Amino acid sequence: MSKISGISRIPRIFKNGIVENNPLFVQALGMCPALAVTTSATNGLGMGVATTSVLVCSNIAISLVARFLPANVRIPCYIVIIATFVTMLEFMLEAYMPALNQALGIFIPLIVVNCIVMGRAEAFANKNGAFLSAFDGLAMGLGFTAALTVMGAVREILGTMSIFGITISETFPQTIAMILPPGAFITLAFLMALINYVRGRTA
Amino acid sequence: MKEIIKSGTVLLTVTVIAGLCLGFVHELTLEPIEHQLQIALYESMGAVLPQAETYIEAEDFILTDTFFNLTRGKVNDDVVGYVVGVSSSGYSGIIDVLVGIDTDGVIQGISLLRHTETPGLGAKAALPEFTGQFAGGYGALRTTRSASPSQNEIMVITASTITTDAIVLAVNDALSFFEAYLR
Amino acid sequence: MELFAIAFSAIFVNNFLLARFLGICPFLGVSKKIETALGMGIAVAFVMTVASAITYIVNIYILETLGLGFMYNIMFILIISSFVQAIELLLKKVSPVLYEAMGVYLPLMATNCAILGVTVLNRDVGYNFMQSTIHGFAGGLGYLLAIVVFAGIRERIEHNNVLPHFKGFPIALLAASMMAIAFMGFSGWMI
């Protein structure tokens, strides 16, 4: 029986995670943090990196123990594993990156219910080895991070005429509403419509 | 039945192992987290009462929701001033203000610890352009729309009078508190 | 009365859906018809209330007393998912009518960030038992209100001429943004 070499699957895994099956824009997962913390590009990037770290760690851990878990209790076990990594992340951020911790607030502990993390555990990590699962987590995480950073950038530019904290223009009018709740919905709506347009053309 | 016991044991084992790992990380980060809180405290205290070297929370006063902090600023063992934390209702929520007052009752500086005012409008109150106006004030402050306010007048932020009033109210509360208990 | 202030704030000023962005996934997924939205909203309100109560008790009397406060996230989510599964089984047996109405949404509650969110908030803010439970209940009511109104709007625009790429989620998100603007009118209201 021939097996496709693990390494050769990696490019497809990345393409899948970042473009074809982008967790936010295509699968519509992880919308809560996407709407809430993308008030600036830096916050979006921070949230994306935080989620990616949990995703990679949990994918690896779950792929390693999946075979030992009875089917009927596997989901609660995944939950415990994911929640552990999330809380570890929470402590690390509190200790070493307090500014980011403040900015992301309650959405750090809520990473545990981010459907992306549980979704990849069920869809990939429990069927594949640790090596590939790590890359799948990385790919999905990168896709999510890119989406969040783009959202954050759009909102920050329109809302405060700055990007990553650097002011672009002092005179061009700022649409404050973009960094308030309505702006989140509007930005995601237009970005999703844009992705629909792009995918509609290539489909 | 046997299946349930097996499932339960697996879940329990996973939870215990997870708990142990987490407990380890928790222990590891306890000190750095405490350190961060100290840094934040000293930064916020130092911003409003720069002349002090150490800041000691006052144990002899009962704190309330409105007066949430009282700290003595000391150089060696002499009290050089106080930092009073006062809350008031702003436009869209509570504003927590730290007021640094020296032993003569003169404001050394203020800063906003926590607020949820509208970015671009009331949130401008957190900027030094606004908070800097308070230094040197004493007694009781007033708001004014004049572009050249006198010592005890605070220029209102355009379109954010509620926010401005709330902060001035908090500062006046701190000053009254000083007059009543600390002078 | 302070509890009323907490409730009012949770329903209108800091609406869990439109201001805090908690519970968005089911919000967009289940709100195409008013009946389903009603079922989902009631399920959320119910679980939020009971979860707030149970997690408070577990946190204060078990975790904190044993010095295991750092396990809060793991314990809270385990409690929520087991509770949700238990209630679903119970409903199936005891009241098929009620199960049809809102029981089918219960499995979705486990990953609803509004539920874990309110329990974490209760812990962060340090509410006592009554405050936590009222906060959970009111938050759920606010969620129910938002999701039912939203479903009403979506039913209305169902047959409208929407730009092809905006069909589905994008137009729903734009409708939600209008609701968010409306609810911003409550900001600053304090009792």
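The residue count restarts for each chain, going from 1 along the sequence in the order it is written. Chain labels run from A onward and ligand labels from 1 onward, assigned in the order the entries are written. Totals for whole chains, interfaces and linings use every residue, but because this is a predicted model, local features are given only for residues with pLDDT of at least 70 and side-chain atom pairs only at 80 or more, for both listing and counting. The side-chain figures draw on all heavy atoms in the structure; neither hydrogens nor water molecules are used.

A. Structural context of the overall build of chain B. Here a helix means four or more residues in a row that DSSP labels H or I, a strand means two or more in a row labelled E, and each is numbered from the N terminus. Each helix and strand counted, chain B has 3 helices and 7 strands in total. Listing each helix as α and each strand as β along chain B from the N terminus yields α-β-β-β-β-β-α-β-β-α. When we talk radius of gyration, it's over C-alpha atoms, and the globule rule is simply 2.2 Å times the number of residues to the 0.38. For 183 residues, the compact-globule estimate of 2.2 N^0.38 gives 16 Å, and the C-alpha radius of gyration of chain B, at 23 Å, exceeds that figure by more than 25%. Across its three principal directions, the C-alpha atoms of chain B cover 80 × 45 × 25 Å. When a residue's accessible area, from a 1.4 Å probe over protein chains only, is under 20% of the maximum for its type it is buried; when over 50% it is exposed; and in between it is partly exposed. By residue count, 45% of the 183 residues in chain B fall in the buried class. With the model as given, the accessible surface of chain B reaches about 9800 Å², and the carbon-plus-sulfur share is 59%. Where accessible areas are quoted, they stem from the Shrake-Rupley method and a 1.4 Å probe; at the residue level, only the protein chains shown are allowed to cover.

B. Quick look at the state of the cysteines. Count a disulfide wherever a pair of cysteine sulfur atoms falls within 2.5 Å. This model, assessed by the stated rule, comprises 0 disulfides over all chains. Counting only cysteine sulfurs, Cys21 of chain B is the nearest neighbor of Cys57 of chain A, a cysteine outside any disulfide, at a range of 12 Å.

C. Inspection of the pairing of strand E3 (residues 78-89) of chain B at higher detail. Residue and element names in this part refer to chain B. Direction of pairing for strand E2 (residues 67-75) relative to E3: antiparallel, over a ladder of 8 bridges. Within E3, the residue paired with Lys74 across the bridge is Val79. Note: two strands are recorded as paired if DSSP finds a minimum of 2 bridges between them. Connecting E2 to the next strand, E3, in antiparallel fashion are 2 residues, including Asn76 with a positive phi near 55 degrees. Here 9 bridges tie E3 to strand E4 (residues 94-102), and the two strands are oriented antiparallel to one another. Paired with Val86 across the bridge in E4 is Val97. Two successive antiparallel strands, E3 and E4, enclose a turn made up of 4 residues, where Gly93 displays a positive phi of approximately 135 degrees.

D. Molecular detail of the interface of chain C and chain B. When checking whether two residues touch, look at their non-hydrogen atoms; a contact exists if any pair is within 4.5 Å. Counting residues at the interface gives 8 residues for chain C and 9 residues for chain B. Put simply, a salt bridge is a Lys or Arg side-chain nitrogen that is within 4 Å of an Asp or Glu carboxyl oxygen. Between the two partners, chain C and chain B, sit 0 salt bridges. Two N or O atoms count as a polar contact when they lie within 3.5 Å, although within protein this holds only if one can serve as hydrogen donor and the other as acceptor, and sequence-adjacent residues are included solely when both atoms are side-chain atoms. Where chain C touches chain B, the interface holds 0 residue pairs in polar contact (both at pLDDT 80 or more).

E. Here's a closer look at helix H1 (residues 2-48) of chain B. The span expected for a helix works out to 1.5 Å for each residue beyond the first. Between its first and last C-alpha atoms H1 of chain B spans 65 Å; for 47 residues at 1.5 Å apiece the expected length is 69 Å, and the two agree. Along H1 of chain B, the largest kink reaches about 40 degrees and is centred on Thr29 of chain B; proline Pro32 of chain B follows within four residues of it. Take the seven residues that end at a residue and the seven that start at it, fit an axis to each, and the angle between those axes is the bend at that residue.

F. Broad picture of the sheet that holds E3 of chain B. Residues and elements named next belong to chain B. Here 5 strands make up an open sheet; going across it, the order is E1-E2-E3-E4-E5 and the pairing antiparallel. The outermost strands of the open sheet, each flanked by one partner alone, are strand E1 (54-57) and strand E5 (107-114). Neighbour to neighbour, the strand axes of the sheet diverge by 25 degrees on average, direction disregarded. Both E4 and E5 contribute to a ladder of 6 bridges, which runs antiparallel. Axis geometry follows a simple rule: fit a line to the C-alpha atoms, using only the stretch in contact for helices, then measure angles between N-to-C directions, giving values from 0 to 180 degrees.

G. How the structure looks around the nonpolar core. Grouped together as the largest cluster of nonpolar side chains are 128 residues, with contacts concentrated most on Ile24 and Met109 of chain C. Not counting residues within four places of it along the chain, the set of residues in contact with Ile24 of chain C comprises Met31, Cys32, Leu35 and Phe185 of chain A together with Leu17 of chain C. Here the nonpolar core consists of buried residues drawn from Ala, Val, Leu, Ile, Met, Phe, Trp, Tyr and Cys, with membership extended through side-chain atoms lying within 4.5 Å. One finds Val99, Ile157, Ala170 and Phe177 of chain B within the second-largest nonpolar core, a separate group that totals 28 residues.

H. Molecular detail of the packing of helix H3 (residues 41-65) of chain A against helix H7 (residues 130-160) of chain A. All names here are of chain A. Contact geometry of H3 with H7 gives a least axis separation of 7 Å together with a crossing angle of 165 degrees. With respect to H7, the axis of H3 lies roughly antiparallel. Note that H3 runs across H7; the crossing there is right-handed. Among the residues forming the contact of H3 with H7, the class breakdown is 16 nonpolar, 13 polar and 2 charged. For this classification, under 35 degrees means roughly parallel, over 145 means roughly antiparallel, 65 to 115 means roughly perpendicular, and everything else is oblique. Note: crossing handedness is left-handed where the near helix turns anticlockwise from the far helix by less than a right angle, and right-handed where it turns clockwise. Any residue that is not Ala, Val, Leu, Ile, Met, Phe, Trp, Tyr, Cys, Pro, Asp, Glu, Lys or Arg is counted as polar, Gly included; the first ten are nonpolar and the last four charged.

I. Representation of the interface of chain A and chain C. Listed per partner, the contact involves 35 residues of chain A and 35 residues of chain C. The term buried area means the drop in 1.4 Å probe accessible area that two parts suffer when joined, counted for both and summed. Taking both sides of the interface into account, the surface hidden between chain A and chain C amounts to around 3000 Å²; carbon and sulfur atoms contribute 85%. Broken down residue by residue, the surface that chain A buries against chain C is led by Cys32, Val113 and Phe185 of chain A, which jointly contribute 21%. On inspection of chain A and its partner chain C, the count reaches 0 salt bridges. Across the chain A-chain C interface, the total number found is 3 residue pairs in polar contact (both at pLDDT 80 or more). Broken down by secondary-structure element, the contributors of at least two residues to the side of chain A that touches chain C are helix H2 (31-37), helix H4 (74-96) and helix H8 (181-202) of chain A. Per element, the largest residue contribution to the side of chain A that touches chain C is 12 residues, and it comes from H8 of chain A. For the side of chain A that touches chain C, the per-class residue count stands at 30 nonpolar, 4 polar and 1 charged.

These figures come from the coordinates and say nothing about function on their own.
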